[in-house]
Amino acid sequence: MKTSLFSFILCLSSFSFAQPVHPSDEIRKIQIAILFDTSGSMDGLIEQAKSTIWKIVNVASQMQHQGKVPQLEIALYDYGNDAITTPNWIRKRTDLIADLDSISGQLFSLKTNGGTEYCAAVIESAIQDLRWSSNPEDLRLIYIAGNEPFNQGPIDYKKILKIAAGKDIIVNTIYCGPYEQGIKEFWYDGAIQTQGSYFNIQSNDEIQHIDTPYDKEIIRLNDSLNKTYVGYGREGQVRASKQATEDFNAISKGTAVMSERAVAKSTFNYKNANWDLVDGIEQGNVSLDSLRKEDLPAELKGKSKEEQQKYIEQKKSERTNYQNQIGELSRKREAFIAEERKKINESNGKKDLGSAIIESLVTTAQKTGFNVE
């Protein structure tokens, strides 16, 4: 009896400490946490982020791992702002989520204020509090941007970055100021602790976008794309309105930014299964049979199940058509931009927030088995 009990306990113990199994056909993840210094001097940094977030999304959506597009998840923090009342002036805006409209909304709500910036403290919070993947084939990245000494504050940044390295989280640093000054203030040293990248940017520089002959048509198709969303439940109408708000936020930064958002909405990574019936049914979040009558959208009330199904299938077909058209125009748009950049000789190596993130994202992804188109 004792032998049997001991064997049973030993079996349970071995099971408890087994490593998680990840099926080979599981969709890989790219997880990106962006930590913004929102102290008083960082208005330009926030403006750069608003102008480049959709370009970052599109680059990630062009990647593949074993023939499949990875799931993009983004988290946002802000730090170094006296309006933040939590310890060390750190605020988690979102966890690692795939809800891109919510990411955009949080980004556009960022405001600067005077404060004290503790880089190690906000990195520690991101490492400990976010839902990081345990799959070794997934990509886990932190980008921290700011302009105060990296070693400032009560926490030893080297100890925190050692923990990050142990979790295969790569920390990349973006210093808002002169390159050599960033090295003196330990931003370069912070990056190399996890084999990350160090960049410097001029955060007050305005990003120069290239408008193309394809932007107006892409934006027109985006308007048609929005009409294929079928909101359900209490969130349906609210989230459809939020979608429109984030379109407005993008267009406020220029035609090129709105065009990039429309392209992002045509990709695998723009999904809204928690409020849209087309995505919800496709992803198994909801079914017409399980949906309560009061949660039905107005356009489906009073219709038979067959009529409802036909309506959803029609909207799905329309959406696929619009997304394909946007995708085709996007390829022409990128080719046009590439040619224009050659003409104006954009080769001075000057970085902004978006180009710094994209450069290191592409380089790191390629090193870890992702294919980049």
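Residues numbered from 1 in each chain as written. Predicted model: local features only at pLDDT ≥ 70, side-chain atom pairs only at ≥ 80, totals over all residues. Heavy atoms only, no water.

1. Examining the nonpolar core
The test is simple: Put simply, buried Ala, Val, Leu, Ile, Met, Phe, Trp, Tyr and Cys residues joined by side-chain atoms within 4.5 Å make one nonpolar core. Throughout, exposure labels follow a simple rule: accessible area from a 1.4 Å probe, protein chains only, divided by the maximum for the residue type, with under 20% read as buried, over 50% as exposed, and the rest as partly exposed. Counting from the N terminus, the helices are DSSP H or I runs at least four residues long and the strands are E runs at least two residues long. Between two residues, a contact is recorded if the distance between any of their heavy atoms is within 4.5 Å.
Ranked by internal contacts, the top residues of the largest apolar core, which has 54 residues, are Phe36, Leu353 and Leu361. Tallying contributions element by element places helix 2 (residues 43-61) first for this core, with nine residues. Ignoring anything within four residues of it in the chain, the contact list for Phe36 reads Leu45, Ile46, Ala49, Leu76, Tyr77, Asp78, Tyr79, Leu107, Leu110, Ala145 and Leu353. Residues Leu96, Ile142, Leu161 and Trp187 belong to the second largest nonpolar core, which totals 30 residues.

2. So, the sheet that holds strand 5 (residues 139-146)
Backbone hydrogen bonds hold the strands of a sheet together, and the pairing may be parallel or antiparallel. Here is the rule: Here the rule is simple: two strands pair whenever DSSP picks up at least two bridges between them. Here, axes are lines fitted to C-alpha atoms. For helices the fit covers the stretch in contact, and angles between N-to-C directions go from 0 to 180 degrees.
Reading across the sheet, the six strands line up as 4-3-1-5-6-7 and stay open at both edges, with mixed pairing between neighbours. Since the sheet does not close on itself, it has two edges, and those belong to strand 4 (90-97) and strand 7 (198-201), each with one partner. Each strand axis lies, on average, 15 degrees off the axis of its neighbour in the sheet, ignoring direction. Sheet topology places strand 1 (residues 29-37) next to strand 3 (residues 71-79); nine bridges connect them, and they run parallel.

3. A closer look at a nonpolar patch on the surface
Spelled out, the test is: Patch membership needs two things, relative accessible area over 30% and no salt bridge, and members are linked within 9 Å if like-charged or within 5 Å if nonpolar (Val, Leu, Ile, Met, Phe, Trp, Tyr). Here the open area of atoms and residues is found with the Shrake-Rupley method and a 1.4 Å probe, where only the protein chains shown may cover a residue. By convention in these notes, a salt bridge is any Lys or Arg side-chain nitrogen within 4 Å of a carboxyl oxygen on Asp or Glu.
Nonpolar side chains collect at one region of the surface, where Tyr179, Ile183, Tyr188 and Ile192 lie side by side and expose about 340 Å² of accessible area between them. Tracing the backbone shows Ile192 in helix 7 (residues 187-192).

4. Looking at the state of the cysteines
Cysteine pairs can be covalently joined through their sulfur atoms, and such a bond is termed a disulfide. For clarity, the cut-off: For the purposes of this analysis, a disulfide is any pair of cysteine sulfur atoms at a distance within 2.5 Å.
Enumeration over the complete set of coordinates arrives at zero disulfides. Summary of cysteine pairing: Cys119 is not part of a disulfide, and the nearest cysteine sulfur, belonging to Cys176, is at 10 Å. With relative accessibility at 0%, the residue Cys119 sits in the buried group. The class of Cys176 is buried, set by a relative accessible area of 10%.

5. Some points on the side chain of Lys265
For clarity, the cut-off: Counted as a polar contact is a pair of N or O atoms within 3.5 Å, where, for protein atoms, one must be capable of donating a hydrogen and the other of accepting one, and residues adjacent in sequence contribute only when both atoms are in side chains.
Inspection of the secondary structure assignment puts Lys265 in the loop between helix 10 (255-264) and helix 11 (277-282). A distance of 2.6 Å separates polar atoms of two side chains, one belonging to Lys265 and the other to Asn226.

6. Quick look at helix 8 (residues 215-226)
As a reminder of what qualifies: One less than the number of residues in a helix, times 1.5 Å, gives the span that helix is expected to have.
Here helix 8 is 12 residues long and its end C-alpha atoms lie 17 Å apart, about the 16 Å a rise of 1.5 Å per residue gives. Contact partners of the buried residues in helix 8: helix 9 (233-251), helix 10 and helix 12 (305-344).

7. Description of the packing of helix 10 against helix 12
The following threshold applies: Any angle between 65 and 115 degrees counts as roughly perpendicular, while under 35 counts as roughly parallel, over 145 as roughly antiparallel, and the rest as oblique. With the far helix as reference, a near helix turned anticlockwise by less than a right angle produces a left-handed crossing, and one turned clockwise produces a right-handed crossing. Residues are grouped as follows: Ala, Val, Leu, Ile, Met, Phe, Trp, Tyr, Cys and Pro are nonpolar; Asp, Glu, Lys and Arg are charged; all remaining types, including Gly, are polar.
Here helix 10 crosses helix 12 at 135 degrees, and the two axes come no closer than 10 Å. Overall, the two elements helix 10 and helix 12 adopt an arrangement that is oblique. Crossing geometry of helix 10 relative to helix 12 is assigned as left-handed. Across from Ala256, Ser259, Glu260, Ala262 and Val263 in helix 10, the residues of helix 12 making contact are Ile326, Ser330 and Arg333. Class assignment of the residues belonging to the contact of helix 10 with helix 12 gives a composition of four nonpolar, two polar and two charged.

8. Focus on unusual backbone geometry
The phi dihedral of Asp168 is positive, around 55 degrees, even though this residue is not glycine. Topologically, Asp168 is positioned in the loop between helix 5 (157-166) and strand 6 (170-176). Residues other than glycine seldom take positive phi values, yet Gln195 does so here, at roughly 60 degrees.

9. Side note on helix 4 (residues 119-129)
Counting buried positions along helix 4 gives eight out of 11 residues, so the element sits mostly inside the fold. Those residues of helix 4 lying buried are Cys119, Ala120, Ala121, Val122, Ile123, Ser125, Ala126 and Ile127.

10. Description of the environment of Lys293
When you line up the elements, Lys293 lands in the loop between helix 11 and helix 12. Overall, Lys293 belongs to the exposed group, its relative accessible area being 70%. Taking the C-alpha atoms as reference, Lys293 lies 52 Å from Asp205; in sequence the two are 88 residues apart.

11. Remarks on the packing of aromatic side chains
The cut-off we apply is this: Two rings from Phe, Tyr or Trp (for Trp, the six-membered ring) form a pair when their centres sit within 6.5 Å of each other. Planes less than 30 degrees apart are called stacked, planes more than 60 degrees apart edge-to-face, and all others tilted. A ring is scored as having a charge over it whenever the NZ atom of a lysine or the CZ atom of an arginine sits within 6 Å of its centre and within 35 degrees of its normal.
This structure, assessed with the given rule, holds nine aromatic pairs. When the ring of Tyr179 is compared with that of Tyr198, the centres are 5.1 Å apart and the planes differ by 55 degrees; the resulting orientation is tilted. With a gap of 19 residues between them, Tyr179 in helix 6 (residues 179-184) and Tyr198 in strand 7 connect regions that are remote in the sequence. Overall, the relative accessible area of 10% leaves Tyr198 in the buried class. Aromatic side chains Tyr229 and Trp275 sit 5.6 Å apart centroid to centroid with 20 degrees between the ring planes, which places their arrangement in the stacked category. Taken together, the residues span a long stretch of sequence, with Tyr229 in the loop between helix 8 and helix 9 and Trp275 in the loop between helix 10 and helix 11 at a distance of 46 residues. Among the aromatic side chains, those forming a connected cluster through ring pairs are Phe150, Tyr157, Tyr175, Phe186 and Trp187. In this structure, Lys303 packs its charged tip against the face of Tyr311, placed 6.0 Å from the ring centre.

12. Things to note about the pattern of salt bridges
Following the criterion strictly, the structure yields 29 salt bridges and no others. In this structure, the salt-bridge partner of Asp247 is Arg261, at a minimum N-O distance of 2.5 Å. With Asp247 in helix 9 and Arg261 in helix 10, this pair connects stretches of sequence that are 14 residues apart. Summarising the burial analysis for this pair, Asp247 and Arg261 share the class buried. Linking Glu294 and Arg292 is a salt bridge whose minimum nitrogen-to-oxygen distance equals 3.5 Å. Taken together, the shared-partner salt bridges in this structure form one network comprising Lys55, Asp215, Glu260, Arg333 and Glu334.

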